[in-house]
Amino acid sequence: MKVKFWGVRGSIPTPQSSVQIKQKIKRILRKISEKQLHDLPAINRYIDTLSPVEAGTIGGNTACIEVRADNQLIIFDMGSGIKNLGNAIMKNDQKTEGLDIHIFLTHTHWDHMIGFPFFSPAFFPSNTLHFYSGHPNLKERLEVQQDYRFFPVALNQMGSKKEFIQLEHNSSINIGNVKITNFPLYHPGGSFGYRVDYGGKSFVYATDSEYKDLSGKNTKNHIEFFRHADLLVFDAQYTFEEAIHKEDWGHSSALVGIDFSVQADVKRLALFHHEPERDDFEIENILKKSIDYGNINYPDKKLEVFLAIEGLEVNL
Amino acid sequence: MQVNIEKIENINIYSIEGNLDSNTSGDLEKKLIPVIDANNTKFILDFSELNYISSAGLRVLLGAAKKLNQYSGKMILCSVKDDIKEVFEIAGLLPIFPIVDDPEAAAQKILQ
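About the cut-offs
Residues numbered from 1 in each chain as written. Chains lettered and ligands numbered in written order. Predicted model: local features only at pLDDT ≥ 70, side-chain atom pairs only at ≥ 80, totals over all residues. Heavy atoms only, no water. Salt bridge = Lys/Arg side-chain N within 4 Å of Asp/Glu carboxyl O. Helix = DSSP H or I, 4+ residues; strand = E, 2+ residues; numbered from the N terminus. Buried < 20%, exposed > 50% of the residue type's maximum accessible area, 1.4 Å probe, protein only. Pairing = 2+ DSSP bridges. Axes fitted to C-alpha atoms, helices over the stretch in contact; angles between N-to-C directions. Contact = heavy atoms within 4.5 Å. Buried area = accessible area lost by both parts, 1.4 Å probe.

Student: Please explain the pattern of salt bridges as it appears in this structure.
Tutor: Pairs can form between side chains of opposite charge whenever their charged atoms are close. All names here are of chain A. In the structure shown here, the tally under the stated rule is 21 salt bridges over all chains. In this structure, Glu313 engages Lys4 in a salt bridge whose closest nitrogen and oxygen atoms are separated by 3.7 Å. One end of the pair, Glu313, is in strand S14 (residues 313-315); the other, Lys4, is in strand S1 (residues 2-7), with 309 residues separating them in the sequence. Classification of Glu313 as partly exposed rests on a relative accessible area of 38%. On the accessibility criterion, Lys4 (15% relative accessible area) is buried.

As structure tokens, this is what we get:
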């Protein structure tokens, strides 16, 4: 199973600002000067070693994740990241006989569906899009988003065939040999987590979720849903302190993700749905502090914690 | 986890032993919140025997602090091990929870 991040930001697409880019350029130049690098090849080699935080970006597109397993093309959420995913599908996968594309929605807040009108494969009549959602009326919600007052192309003007499947809560569905189970999460208007099981590997996508009562009796069902996941993508939009003060805003923190991961024996934890008010260095700082927290509280555990970064691929 | 509670004059002193996590934080909540609701506003939490605190434990302490704030109450932590102090720093909670060296210093601070 391959998991690729196309959109990792929460709430609203967040391009890098000129000030942020200039800040990165100055940092890189300072380091080049400190290392006394003078010839261009050496400078290029050094720049290639830098992380996306230092010499690129964590990413400003909103939620979209691609999963490939058993030759199936499965997408989770249609935030602004789905535009670039659509372009990649057109370049690498599009065939004359058409594609079957399976799209699972956590919920229909803007940051999770705003990219769909720009999803190129949706315009090809030979393609079939299969939409899955725990919410009712998904077709109507997409039609509203593309009402002529808000967007010039209506849903039914996008040429692909479309199928809408409302999922029973806590149920599983098979796409080929890939099993996908949903799990309701606490978020304004409701959200759904998804667990993908295939070939003995498992991926859990649990974004847009708040955990107000962290006692064991209240979280045990979540822990079971996350149990033994090879990769858990977790809503870490807020710091722990922010999450408490923004009660009922529907988001969580990295520290809760680490505690859950340890309890559920998760192997790798990806911090996701990054706060749009934070720059890349601030988000990286949250990661560093989260790793410190894990090392203090669980020194014997081998949980890997990392940032979901646009373009990052994880093979399970 | 074990909580030993004593009251000296109008100060409630909770000495917490063991681990404060998702399995035990509910017990502390049950011992803390009703006491606050009964108009007790001064609390010292002695962490000298606390080994570990997770987000669930922090959540309960924050809930108590929030409630105490409504009554203009005070909660002081004392004898906190370095690792646990660092967890409070990581969680961004040091501005909310005053931490002092020992119970005597906590008593002085709470009476200020």
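Student: Whenever I open this one, the sheet that holds strand S3 (residues 72-76) of chain A confuses me. Can you help?
Tutor: Sheet strands line up and pair through hydrogen bonds in the backbone, either parallel or antiparallel. Residues and elements named next belong to chain A. In spatial order, the strands read S6-S5-S4-S3-S2-S1-S14; together these seven strands make up an open sheet with mixed pairing. Only two strands of the sheet have a single neighbouring strand rather than two, namely strand S6 (161-166) and S14. Across the sheet, the mean angle separating the axes of adjacent strands is 20° when strand polarity is ignored. Strand direction decides the pairing type here: strand S2 (residues 64-69) and S3, joined by five bridges, are antiparallel. Each bridged residue has a counterpart across the sheet, and for Arg68 the counterpart in S3 is Leu73.

Student: What's the story with the environment of Gly73(B) in this structure? I'm lost.
Tutor: All names here are of chain B. Within the secondary structure layout, Gly73 lies in the loop between helix H2 (55-70) and strand S5 (74-78). C-alpha separation for the pair Gly73 and Met1, spaced 72 residues apart in sequence, amounts to 25 Å. Excluding anything up to four places from it in sequence, Gly73 contacts Thr41 and Leu68.

Student: Help me understand the interface of chain A and chain B, please; the structure alone is not making it clear to me.
Tutor: The interface of chain A with chain B comprises 19 residues on the first partner and 20 residues on the second. Both sides together, the interface formed by chain A and chain B hides about 1800 Å², and carbon and sulfur atoms give 62% of it. Interface area lost by chain A to chain B is led by Phe240(A), Ile244(A) and Ile296(A), which between them contribute 30%. Put simply, chain A and chain B have three salt bridges between them. Between Arg59(B) and Glu247(A) there is a salt bridge whose closest N-O contact spans 3.9 Å.

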